[in-house]
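Overview (structure and organization)
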Amino acid sequence: MELILKYFPDLSPEQCDRFAAMYDLYADWNAKINVVSRKDFDQLYLRHVLHSLAIARVCRFDAGARILDVGCGGGFPEAHFVAADSIRKKITVVEGVRSSLGLTNLEARCVRVEQLTERFDYVVSRAVTEMATFVGWIWNRIERGQHGTLPNGILYLKGGDLAEELAATHLKWQLFNISDFFDEEFFATKRVVYTPKV
């Protein structure tokens, strides 16, 4: 939890309580349903929570913004999240954590993202698949406009050499090095990649 406060010192008391509770909640769920690698679990706040929060350094969502989280996660106050994953055990964990933390802005759905029909302001994800496939799944689900500090679009957490993969989408991407936001070595090759729906 100290790691989160290092970079997000202005969290409300309620947000602090929720982030602090996450470790024990995920430990309990992980004992039942392996959703975080057991060898990696002690790094939950670094490799999972803080990594996901890098999106908050790139874009602040307006109150009421509609965000589709592909592959599950979520947790920006006042925005409305739909966490979609086709794997039931992941959705079960999201539902349990949502209930335990009292998150009213998160809806969990066990569904393939390609089957969704509604539209969203932003789509966020973390290394679910290669980018051209991902764009094919969700591009028509993004509404044009701006409901945050960036125009509506895709915010994707990815690492490594992305030039070829992003070029295959035929879209213009902006890359944000997470190491510009967070000092930990884990983030040296990690990025938030963004493209607007224009």
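Use the structure listed above.
Report follows, based on the coordinates.

Reading the values: rules and limits
Residues numbered from 1 in each chain as written. Predicted model: local features only at pLDDT ≥ 70, side-chain atom pairs only at ≥ 80, totals over all residues. Heavy atoms only, no water. Helix = DSSP H or I, 4+ residues; strand = E, 2+ residues; numbered from the N terminus. Buried < 20%, exposed > 50% of the residue type's maximum accessible area, 1.4 Å probe, protein only. Pairing = 2+ DSSP bridges. Axes fitted to C-alpha atoms, helices over the stretch in contact; angles between N-to-C directions. Salt bridge = Lys/Arg side-chain N within 4 Å of Asp/Glu carboxyl O. Expected span 1.5 Å × (residues − 1). Bend = angle between axes of the 7 residues up to and from the residue. Contact = heavy atoms within 4.5 Å. Core = buried A, V, L, I, M, F, W, Y, C linked by side-chain atoms within 4.5 Å.

What follows concerns the overall build of the chain. Helix and strand counts for the chain stand at 6 helices and 7 strands. Counting from the amino terminus, helix and strand elements in the chain follow one another as α-α-α-β-β-α-β-β-α-β-α-β-β. Along the longest, intermediate and shortest principal axes, the C-alpha atoms of the chain span 40 × 35 × 30 Å. For the chain, the proportion of its 198 residues judged to be buried stands at 47%.

So, about the sheet that holds strand E2 (residues 80-85). Taken in spatial order, the 7 strands make up an open sheet running E3-E2-E1-E4-E5-E7-E6, and their pairing is mixed. The open sheet has two free edges, formed respectively by strand E3 (106-110) and strand E6 (174-177), since each of these has just one partner strand. Pairwise comparison of adjacent strand axes, ignoring direction, gives a mean angle of 20° for this sheet. Here 5 bridges tie strand E4 (residues 122-126) to strand E5 (residues 153-159), and the two strands are oriented parallel to one another. Bridge pairing in E5 places Val 124 opposite Leu 155.

According to the stated counting rule, one finds 13 salt bridges in the structure shown. The partner of Lys 6 in a salt bridge is Glu 184, and the shortest N-O contact between them spans 3.1 Å. In this pair, Lys 6 sits in helix H1 (residues 2-7) while Glu 184 sits in the loop between E6 and strand E7 (190-196), placing the two residues 178 residues apart along the sequence. Accessibility expressed as a relative area gives 46% for Lys 6, which makes it partly exposed.

Of note, the phi angle at His 170 is positive, near 60°, even though the residue is not glycine. Turning to its location among the elements, His 170 is positioned in the loop between helix H6 (163-167) and E6.

On to helix H3 (residues 44-58). For H3, built from 15 residues, the straight-helix expectation of 21 Å at 1.5 Å per residue is met to within 8% by its first-to-last C-alpha distance of 21 Å. The largest bend in H3 amounts to roughly 35° and is located at Leu 50. Judged by how many residues are buried, H3 sits mostly within the fold: 12 of 15 residues are covered. Buried within H3 we find Leu 44, Tyr 45, Leu 46, His 48, Val 49, Leu 50, His 51, Leu 53, Ala 54, Ile 55, Ala 56 and Val 58. For H3, the secondary structure elements touched by its buried residues are H1, helix H2 (13-32), E4, E5, E6 and E7.

Time to look at the nonpolar core. Formed by 50 residues in total, the largest nonpolar core has its most connected members in Ile 4, Phe 8, Phe 61, Leu 155 and Val 192. Val 123, Met 131, Ile 142 and Leu 166 belong to the second-largest nonpolar core, a separate cluster that totals 21 residues.

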